[in-house]
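# Residue-level structural notes
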Amino acid sequence: MSDSKRNPILDNKIYLYMTEFFAGMSVMAVELGASRLLAPYFSSSQIVWTIIIGTIMIAMALGNIMGGRWADKNPNPDKLYGRIIIAAIWIALIPVVGKYIILGISALLVFTVSTNFLVIAAFAACMVIFVFPLFLLGTVTPSLVKYTVDSLDDSGKVVGYLNASNTIGSIIGTFVPTFISIPAVGTSITFLIFAGILMALSIVYFISGKTKSVKAVVGVIILIIACIFGHGNSFAFWQNDLTYEGESIYNYLQVYEDDSKVVLSTNVLFGVQSVYRKEKTLTGMYYDYAMAAPYMAGVKEKDELNILILGMGTGTYATQCSRYFDNIAVEGVEIDQSITDLAHEYFELPEDVKVTTYDGRAFLQDSEDSKYDVIMVDAYQDITIPFQMSSVEFFTLVRDHLNKDGVMVVNMNMKTDTEGGINDYLADTISNVFSEVYTVDVKNNTNRELFASDNSDILNQLSAGINMEEDADLKAMMEKVQENIVKYEAGNLILTDDKAPVELLSMKAIDALIRDEVDYYKNVYEEEGLEGLLECF
């Protein structure tokens, strides 16, 4: 464009550096927002993060290429700031329609994809929702180079300042969503905040040049509409009877209840993390099976039994143990303080149960002298298994914190009949550390409880404890465990800190579970048609 029509704000390099700064900040904010938008549906595993980072890098690379071409072909900065407005509009609409797009893609793929469902669905969702606005933001740097470099004499310095501005913005855009905006106001409003920043940046440009822009007017209107309809934080938008729904630094959190129970879930599609029975009975879930561990450790014979729970959740196991045994001391470790707060507010976690907000493995490493009779490992959340709590090194650390006749109980989910699955790896790894390993499958569930000890007498201890148990329901439950428990025959599938492909193994397991579930509905449709399929729901 000619100098006579040049927007005077372009003569202020500080404004151009600010454009680069806020573009970089917004890219990282959208990336972190993407992880939070996808996590309640697809988990927050390393695989999902890889998909997010990969698709965003694709978008940025294409944006850099096209931004450079467009800047050479038509060096009109109006075009750049128009693209920023379009990116802002798109980002503002993510809270409004993003969740529906994710579920729509999932519904389409679940009946057409037989393997790697979560990988394909997460990748498709990222491509549809996030690639286009970040592609537009990727055009910012090459375009700004065109407008800021006055001569070859200072081109290196100017480009360096632009890249530094982008990098500093990216750094701030990394910390602000994680530690400030998402915990304070949620993912949806975080998207709206950064969309508003980009919109304001572009409006300042057009106002300073006294240029009328239809895009700016339309953008402001759409942003206002998005703020009205997209400010909610409900990921499970089809449910209107939730007791609590919110977000923490680590998780999406959902509490729902009925006349008999209160339930915590951190994923809208998979799994239950904690449950509390209002009538104060057994849960009917894996926690009941895990109650065998105190018997194996001699709870009926000892004056006091010390129990540590890694992955406390809202304290279902702690509450169960405290309710049925009067000679125990329970301590828990939970990385998410918000879950602990929910435990006290909705799940009646006993006040005398100490909960440390920390990573489970780091807690053991920092508590070298602490010994326990039972250590419950319940940190495998939905389809997300932390690799640092699945290795030989971790289970060795657990063993070192057990008393001589102590017992470790591990809740393993995603049970399938496929050999070489994640549970086989976990059980083989544990067998490499402990001499006695037993498993029992939870009835009508995908959970499997594993008991490990160096005490060869744990089954006799269980039997003796059952004979001394006076509570009829608990005794019947322990007899069921006793009838179904089997000694694990170890293989050589060992996980270590150096090599623990838990994400890929978990993805294969969830694929098998989804495939089995979908096959059922496919058979119903083939035999009874659409009417029969609708009756299933």
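Residues numbered from 1 in each chain as written. Predicted model: local features only at pLDDT ≥ 70, side-chain atom pairs only at ≥ 80, totals over all residues. Heavy atoms only, no water.

## Some points on the nonpolar core
The condition that has to hold: For the purposes of this section, nonpolar cores are sets of buried Ala, Val, Leu, Ile, Met, Phe, Trp, Tyr and Cys residues that join through side-chain atoms within 4.5 Å. Between buried and exposed lies partly exposed: a residue is buried under 20% and exposed over 50% of the maximum accessible area for its type, with that area taken using a 1.4 Å probe on protein chains only. By definition in these notes, contact holds between two residues if any of their heavy atoms fall within 4.5 Å.
In terms of nonpolar packing, the biggest core is built from 71 residues, with Leu38, Phe42, Tyr81, Ile102, Phe130, Leu134 and Leu144 touching the most fellow members. Beyond its immediate chain neighbours, meaning those up to four positions away, phenylalanine 130 contacts Val30, Ala34, Leu37, Ile94, Ala125 and Phe191. By size, the runner-up hydrophobic cluster in this structure holds 45 residues, among which are Leu282, Met285, Ala293 and Met477.

## A word on the pattern of salt bridges
The criterion, for reference: By definition here, a salt bridge exists when the distance from a side-chain nitrogen of Lys or Arg to a carboxyl oxygen of Asp or Glu is within 4 Å. Helix numbering and strand numbering both begin at the N terminus, where a helix is a DSSP run of H or I of at least 4 residues and a strand a DSSP run of E of at least 2.
The tally for this structure, following the rule as stated, stands at twelve salt bridges. One salt bridge in this structure joins aspartate 72 and lysine 146, with 3.0 Å as the shortest N-O distance. Here aspartate 72 is found in helix H2 (residues 46-73), whereas its partner lysine 146 is found in helix H6 (residues 140-148), with 74 residues between them in sequence. Look at aspartate 72 and you get exposed, because its relative accessible area is 55%. What makes lysine 146 partly exposed here is its relative accessible area of 39%. For the salt bridge of glutamate 469 with lysine 300, the shortest nitrogen-to-oxygen distance reads 3.0 Å. Taken together, the residues glutamate 469 in the loop between helix H17 (458-468) and helix H18 (472-484) and lysine 300 in the loop between helix H11 (292-296) and strand S5 (305-310) connect sequence positions 169 residues apart. Residue classification places glutamate 469 among the buried residues on the basis of a relative accessible area of 8%. Through salt bridges with shared partners, a single network forms among Lys302, Asp373 and Asp405.

## Things to note about the sheet that holds strand S9 (residues 402-412)
Quick reminder of the rule: Strands are treated as partners if at least two bridges between them are detected by DSSP. Between the N-to-C directions of two axes lies an angle of 0 to 180 degrees, each axis being a line fitted to C-alpha atoms and, for a helix, fitted only over the stretch in contact.
Ordered in space as S7-S6-S5-S8-S9-S11-S10-S12, the eight strands form an open sheet in which the pairing is mixed. Each of the sheet's edge strands pairs with one partner strand only, and the pair in question is strand S7 (354-356) and strand S12 (486-487). Note: S5 against strand S8 (residues 372-377), four bridges, orientation parallel. Its bridge partner being in S8, isoleucine 309 is matched across the sheet by methionine 376. In this fold helix H15 (residues 392-400) packs onto S5, S8 and S9, with an angle of close to 140 degrees to the strand it touches most, S9.

Read these as spatial facts, not as claims about activity.
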